[in-house]
Amino acid sequence: MNRSLLLRIRRFIADRQSSGAFAAKSGPRLDEAPARPNVFVSALILDCLAGNKDSILTDLINEAISFLLSHKSQSWSWNYWQRENPRSRTLPDDLDDSIAALIALQAHVPQLLDERALSAVTKLLIRAETEPGGPYHTWLVNDYSEPEWQDIDPAVNASIGYFLKLQGIRLPGLEAYCENVIRS
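The rules behind the values
- Residues numbered from 1 in each chain as written.
- Predicted model: local features only at pLDDT ≥ 70, side-chain atom pairs only at ≥ 80, totals over all residues.
- Heavy atoms only, no water.
- Pairing = 2+ DSSP bridges.
- Helix = DSSP H or I, 4+ residues; strand = E, 2+ residues; numbered from the N terminus.
- Contact = heavy atoms within 4.5 Å.
- Axes fitted to C-alpha atoms, helices over the stretch in contact; angles between N-to-C directions.
- Buried < 20%, exposed > 50% of the residue type's maximum accessible area, 1.4 Å probe, protein only.
- Polar contact = N/O pair within 3.5 Å; in protein donor to acceptor, adjacent residues only side chain to side chain.
- Core = buried A, V, L, I, M, F, W, Y, C linked by side-chain atoms within 4.5 Å.

A. Layout of the sheet that holds strand β2 (residues 21-24). The strand order across the open sheet built from three strands is β1-β2-β3, with neighbouring strands paired in antiparallel fashion. The open sheet has two free edges, formed respectively by β1 (17-18) and β3 (36-38), since each of these has just one partner strand. Bridging between β2 and β3 involves three bridges; their strand directions are antiparallel. In the sheet register, A23 faces β3, and the bridge partner there is P37. Strands in contact with helix α2 (residues 39-48) are β2 and β3; relative to β2, the strand with the most contacts, it is inclined by about 120°.

B. Representation of the side chain of S73 in the model. Residue placement: S73 occurs in the loop between α3 (58-70) and α4 (95-108). Among the residues examined, S73 registers a relative accessible area of 16% and is labelled buried. Separated by 3.0 Å, the side chains of S73 and S75 make a polar contact. Setting aside residues up to four positions removed in sequence, S73 forms contacts with R83 and D93.

C. Region of the structure containing the nonpolar core. Core analysis: the biggest nonpolar cluster contains 51 residues, and L68, W76, W78, L95, L102, I160 and F163 have the highest contact counts within it. Of all the secondary-structure elements, those providing two or more residues to this core are α1 (3-16), β2, α2, α3, α4, α5 (115-128), α6 (154-166) and α7 (172-183). Here this core takes eight residues from α4, the largest share from any one element. For L68, the residues in contact, after removing those within four places along its chain, are V39, S42, A43, L46, W78, A101, A104 and L105.

Spatial relationships are all this shows, so hold off on functional conclusions.
Here you go:
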């Protein structure tokens, strides 16, 4: 890639990154919502930077990795919001943000996803599965009896399938679910 273009890309990314995080607006009225740093957007941008071999982006990538790791729970789950943000206490951790963070970390620091980490992720998936092998609920809660926590999001389940594929794992039930969603 042209060095001048890479410098412009780096400047563009650096101007939008703060303490490793990237911000986005969220809420029912985006025109009124302030942009706040969050895990999901940071994970997606970090994943987009995967495969970059130019050292000019290394510090930005490392800051994003540090940001994600600083907001990981002990059970290897993430929340949309930063842990210290009061909003993170209003919603439980979820598989959408968790899997996005795991995919980004897999791309940049795969050694972090050792047996202990993958065991914790497996426990998260088992906790959220609707049937053995999927599909999976989005939210990581202990009680799925309330309707607001029963969400089974096709995009989240596709991301789970992709993450598992990166680990060399296929789940026929999850694949069948995703295929049925696509067909319908």
